Amino acid sequence: MDERHRKSQGVGYRKGNSVKVTKWNNHRAYKWRASFIESGKYQSKGFKTKKAAEAWAAEKEAELFVAGSEDPLTFLERSAVLEFRERIASLGVTIREVLEREVQRFEAAKRSVTVREAVEEIIDLKTRTAKSERNLQTVKSQLNRFFREKGEMIVSDVSLKEIDDWLLGLTVGDSETRVSAQTWRNYRRHLKMLFGQCVAWGYCDSNPVEKTQEPEKAETEPGILTPKEAGDLLTGAGQEIQAAIALGLFAGLRVSEIQRISWKEVNLARDLIRLEGAVTKKKFRRVIPIRPNLKAWLLLSRQRHGLLAPQGQKWRLAFAAARRKAGFAVRLNSSEKEEPKGKEWKVNAMRHSFASYGIQSEQDAAKIALELGHRGSTQTLFEHYKAICEPEEAEAYWSIFPEEDGKVVNIASGG
């Protein structure tokens, strides 16, 4: 064993607790020996190779150091070292390295909390700082799903692999259908926020979500309405939500924005909609032109003050009824026993239709992106909103006008 290695033992070497490896000349069985003093007696052990002698000497020197210290190991501690040292050596690490690593892990666990406790704390924080009630409910739903499965784990023990396995195993409800890529990203964003805050609170040293593997994207086209379906949706709508549906179809507003917008933000004289930050999802103000067919539908409304759409359960029932009348398989309430018949309603179908027909008609993706609230890039628009449609279909879509009784007139071909 060389001088540098023995000096690394520190105090043990200086106290005379070192083991010296030398050649054993004239010995019939061994060529090398390890010499040491233990219990006041000089002793030596023979080996056939220098490598074997040095390996044994390193372990023995550590043992002598502990035995010669002012605070010697107890019987149980000593037996643990002797029991595990060969297994530790086979891993290519030292006993000290193993102890340091495990002590750090236990220290982290001691100052950490369970996933359940962390989720409760983050939900309490979001309750006080959330941008909207809808955002808060989404955070609660997705984080609660995580803690129902991982709730009793210590935050500092949650590994990257466990996060990967959980995210990639997400399914829709109790089915075997995997969630969409966008839903996966939403879950990942909220988990990243949770563990990022845990790092800030000192519950863990790093955020395991940052290196998670995203599932491969399936090439799926956004669902849009045909011009006929859009017209049927408007004529099937009651007077109380007809203007609101027109905003979704011809101004691209999100459903959450439709439910928050008031008539004071709709300027029919200047043909402009001015959405305030309190209305939009991203809290950015934006201005949307009122196109001719949208204006015609808005002018049908008899009440032009206060909120533009009904709230809560009234909106849900009225919107469901309008879609059902337009031929879509939509449940009016959870108590319906039979599965409704009809076409599938695509999520965000009105907003996607506005984007797709708008780009085809105006040939200006950047303009449509700004109206939708996508600032700085059209990438999101093309990845998640734009479906392929023909010029004739776009012309028909923007030609959906009402008669005085609220029925659709002048839908060109392409229905």
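Thresholds, definitions, all that
Residues numbered from 1 in each chain as written. Predicted model: local features only at pLDDT ≥ 70, side-chain atom pairs only at ≥ 80, totals over all residues. Heavy atoms only, no water. Helix = DSSP H or I, 4+ residues; strand = E, 2+ residues; numbered from the N terminus. Buried < 20%, exposed > 50% of the residue type's maximum accessible area, 1.4 Å probe, protein only. Contact = heavy atoms within 4.5 Å. Areas by Shrake-Rupley, 256 points an atom, 1.4 Å probe, with all protein chains shown as cover. Pairing = 2+ DSSP bridges. Axes fitted to C-alpha atoms, helices over the stretch in contact; angles between N-to-C directions. Core = buried A, V, L, I, M, F, W, Y, C linked by side-chain atoms within 4.5 Å. Expected span 1.5 Å × (residues − 1). Salt bridge = Lys/Arg side-chain N within 4 Å of Asp/Glu carboxyl O. Parallel < 35°, antiparallel > 145°, perpendicular 65-115°, else oblique. Left-handed = near helix turned anticlockwise from the far one by under 90°. Nonpolar A, V, L, I, M, F, W, Y, C, P; charged D, E, K, R; others polar. Phe/Tyr/Trp six-rings, centres within 6.5 Å; stacked < 30°, edge-to-face > 60°.

Colleague: Outline the overall build of the chain, supporting the account with residue identities and numerical values.
Modeller: A count of helices and strands for the chain gives 18 helices and 8 strands. Within the chain, the fraction of its 415 residues that count as buried is 39%. Restricting to contacts in the chain with at least 6 residues of sequence separation, those with at least 24 account for 57%. A total accessible area of about 24,600 Å² is found for the chain, and carbon and sulfur atoms account for 50% of it.

Colleague: Quick one: what's the story with the sheet that holds strand β2 (residues 32-38), residue by residue and with numbers?
Modeller: The 3 strands lie next to each other as β1-β2-β3, forming an open sheet whose pairing is antiparallel. Only two strands of the sheet have a single neighbouring strand rather than two, namely β1 (20-23) and β3 (41-47). Going from strand to strand, the sheet's axes swing by 30° on average, the running direction of each strand aside. As paired elements, β2 and β3 share 7 bridges and run antiparallel to each other. Bridging across to β3, Ser35 finds its partner in Ser44.

Colleague: Please set out the nonpolar core residue by residue, giving values where relevant.
Modeller: Ile245 and Phe250 are the most contacted members of the largest nonpolar core, which totals 52 residues. Elements with a minimum of two residues in this core: α10 (227-236), α11 (239-250), β5 (272-275), α13 (292-298), α14 (312-325), α15 (349-362), α16 (365-372) and α18 (391-397). Per-element tally for this core: the top contributor is α11, with 8 residues. When neighbours within four sequence positions are excluded, Ile245 is seen to be in contact with Leu233, Leu234, Ala237, Phe319, Ala322 and Met350. Within the second largest apolar cluster, 26 residues are counted, among which are Val115, Leu167, Trp184 and Cys204.

Colleague: I'd like a description of the sheet that holds strand β6 (residues 286-289), backed by residues and values.
Modeller: If you walk across this open sheet you meet the 3 strands as β4-β5-β6, and the pairing is antiparallel. With one partner strand each, in any of the chains shown, β4 (266-267) and β6 form the two edges of the open sheet.

Colleague: Give a description of helix α7 (residues 133-150) that names residues and reports values.
Modeller: Here α7 is 18 residues long and its end C-alpha atoms lie 25 Å apart, about the 26 Å a rise of 1.5 Å per residue gives. For α7, every residue scored as buried is listed here: Leu136, Val139, Gln142, Leu143, Arg145, Phe146, Phe147 and Lys150. In this structure, the buried side of α7 is in contact with α6 (115-129), α8 (160-168) and α9 (181-201).

Colleague: Just give me the short version of the pattern of salt bridges, but keep the residues and values in it.
Modeller: Throughout the structure, instances matching the rule amount to 13 salt bridges. The partner of Glu152 in a salt bridge is Arg116, and the shortest N-O contact between them spans 2.9 Å. With a gap of 36 residues between them, Glu152 in the loop between α7 and α8 and Arg116 in helix α6 connect regions that are remote in the sequence. In this structure Arg116 comes out as partly exposed when scored by relative accessible area, which is 32%. Each of Arg291, Glu362, Lys367 and Glu371 takes part in a single network of salt bridges with overlapping partners.

Colleague: Requested: an account of α15, with residues and values cited.
Modeller: In an α-helix, one full turn covers 3.6 residues, which means residues spaced three or four apart are oriented alike. When the terminal C-alpha atoms of α15 are compared, their 20 Å separation across 14 residues agrees well with the 20 Å that a helix rising 1.5 Å per residue should span. In terms of burial, α15 is largely enclosed, as 11 of its 14 residues are buried. All of the buried residues along α15 are Ala349, Met350, Arg351, His352, Ser353, Phe354, Ala355, Ser356, Tyr357, Gly358 and Ile359. Positive phi appears at Gln363, one or two residues downstream of α15, with a value of about 55°.

Colleague: Account for the packing of α10 against α11, naming residues and giving values.
Modeller: Across the interface, α10 lies against α11 with an axial gap of 9 Å and an inter-helix angle of 160°. Overall, the two elements α10 and α11 adopt an arrangement that is roughly antiparallel. As α10 runs across α11, the sense of the crossing is right-handed. Between α10 and α11, the contacting residues are Ala230, Leu233 and Leu234 on the first element and Gln242, Ile245, Ala246, Leu249 and Phe250 on the second. Grouping the amino acids of the contact of α10 with α11 by side-chain chemistry returns 7 nonpolar, 1 polar and no charged.

Colleague: Before we move on, can you summarise the packing of aromatic side chains with the specific residues and values?
Modeller: Counted by the stated rule, this structure contains 15 aromatic pairs. Between Phe146 and Trp166 the ring centres are 5.0 Å apart and the planes differ by 85°, which places this aromatic pair in the edge-to-face class. Placement of the pair is Phe146 in helix α7 and Trp166 in helix α8, with a sequence separation of 20 residues. For the pair Phe146 and Trp166, one class covers both residues: buried. Between Trp166 and Tyr187 the ring centres are 5.8 Å apart and the planes differ by 70°, which places this aromatic pair in the edge-to-face class. You can see Trp166 sitting in helix α8 and its partner Tyr187 sitting in helix α9, a full 21 residues away along the chain. Among the residues examined, Trp166 registers a relative accessible area of 6% and is labelled buried. Overall, the relative accessible area of 8% leaves Tyr187 in the buried class. What links up through ring pairs into an aromatic cluster is the set Phe250, Phe354, Tyr357, Tyr397 and Trp398.

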